[in-house]
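Analysis of the macromolecular model
In case you want the letters, here they are:
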Amino acid sequence: MRTHIKRITSIADEITTFLLLENFSKLSITIEPKGKVTVLHFISENNPMTQKQLDEILQVLNQPRQIELETYYWTLLGESGTDMSLNVVGRMIDTADGYIENGSVVLELSREEIE
């Protein structure tokens, strides 16, 4: 459980950093535990992102999760740039979804706790 929580906070940190570096403003984050699954919601108002850019981000984030490599990938987060961080986050989560509505970008990531 403790490891799961640490990984959730690291995911939140990496996505927050990415969005802020992309000049997002008024960023809201909600972390919602739902049994063994944790859902992270990111909402940014007044965003400069296009649908094409969002689709590219979702493609990176929706890589297959690699549970057996999680420990190795997490060590890379502190040593890499933003593009690599999104790739690493994509390997650590189960699903990513997102959309643009009324000038806001909404991202939803989910991660299941594995025992």
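Provided above is the structure to which this section pertains.
Throughout what follows, the structure given in this document is the object of discussion.

Criteria and cut-off values
- Residues numbered from 1 in each chain as written.
- Predicted model: local features only at pLDDT ≥ 70, side-chain atom pairs only at ≥ 80, totals over all residues.
- Heavy atoms only, no water.
- Helix = DSSP H or I, 4+ residues; strand = E, 2+ residues; numbered from the N terminus.
- Contact = heavy atoms within 4.5 Å.
- Areas by Shrake-Rupley, 256 points an atom, 1.4 Å probe, with all protein chains shown as cover.
- Pairing = 2+ DSSP bridges.
- Axes fitted to C-alpha atoms, helices over the stretch in contact; angles between N-to-C directions.
- Buried < 20%, exposed > 50% of the residue type's maximum accessible area, 1.4 Å probe, protein only.
- Expected span 1.5 Å × (residues − 1).
- Arc of directions from axis to C-beta.
- Polar contact = N/O pair within 3.5 Å; in protein donor to acceptor, adjacent residues only side chain to side chain.

1. Focus: the overall build of the protein chain
Of the regular secondary structure elements, the protein chain holds four helices and four strands. Shown N-terminal to C-terminal, the secondary structure of the protein chain runs as helices and strands in the order α-β-β-α-α-α-β-β. Pairs at least 24 residues apart make up 65% of the contacts formed inside the protein chain by residues separated by at least 6 positions. For the protein chain, the computed accessible surface area is about 6,600 Å², with 50% contributed by carbon and sulfur atoms.

2. Description of the sheet that holds strand β1 (residues 25-34)
Here we have four strands laid out as an open sheet, ordered β1-β2-β4-β3, and antiparallel in their pairing. If you trace the sheet from one side to the other, it starts and ends with β1 and β3 (95-101), each paired once. Within the sheet, the average angular offset between the axes of one strand and its neighbour, ignoring direction, is 15 degrees. Sheet analysis places β1 next to strand β2 (residues 37-45), joined by nine bridges and oriented antiparallel. The partner of Ile29 across the bridge, within β2, is Phe42. Across the sheet, helix α2 (residues 51-61) lies against β3 and β4 (104-112), angled at about 170 degrees from β3, the strand it touches most.

3. A short note on the side chain of Thr16
The residue Thr16 is located in helix α1 (residues 2-21) in this model. Thr16 gets classed as buried once you look at its relative accessible area, which sits at 17%. The contact partners of Thr16, leaving out residues within four places of it in the chain, are Leu27, Ile29 and Phe42.

4. Digging into α1
Count 3.6 residues to each turn of an α-helix, and residues three or four apart come out pointing the same way. The end-to-end C-alpha distance of α1 is 29 Å, a good match for the 28 Å that 20 residues give at a rise of 1.5 Å each. Those residues of α1 that sit buried are His4, Arg7, Ile8, Ile11, Ala12, Glu14, Ile15, Thr16, Phe18 and Leu19. Taken from the residues just after α1, Asn23 is the one with a positive phi, measuring 65 degrees.

5. Quick notes on α2
Residues of α2 that are buried include every one of Leu54, Ile57, Leu58 and Leu61, and no others. Along α2, the residues classed as buried sweep out an arc of 100 degrees about the axis, all on the same side. Structural note: α2 exposes Lys52 and Gln59 on the side pointing more than 90 degrees away from its buried face.

6. Looking at the side chain of Gln63
Within the element layout of this structure, Gln63 appears in the loop between α2 and α3 (70-77). From its side chain, Gln63 meets the backbone oxygen of Val60 in a polar contact 2.6 Å long. Of the polar contacts made by the side chain of Gln63, one reaches the side chain of Asn87; its length is 2.9 Å. Other than its neighbours up to four places away in sequence, Gln63 contacts Asn87, Gly90 and Arg91.

7. As for the environment of His4
Position of His4 relative to the elements: it lies in helix α1. Look at His4 and you get buried, because its relative accessible area is 8%. Expressed as a C-alpha distance, the spacing of His4 and Glu112, which sit 108 residues apart in the sequence, is 8.6 Å. Setting aside its immediate chain neighbours within four residues, His4 contacts Thr38, Arg111, Glu112 and Glu113. Within polar-contact distance, the side chain of His4 engages the side chain of Thr38 at 3.0 Å.

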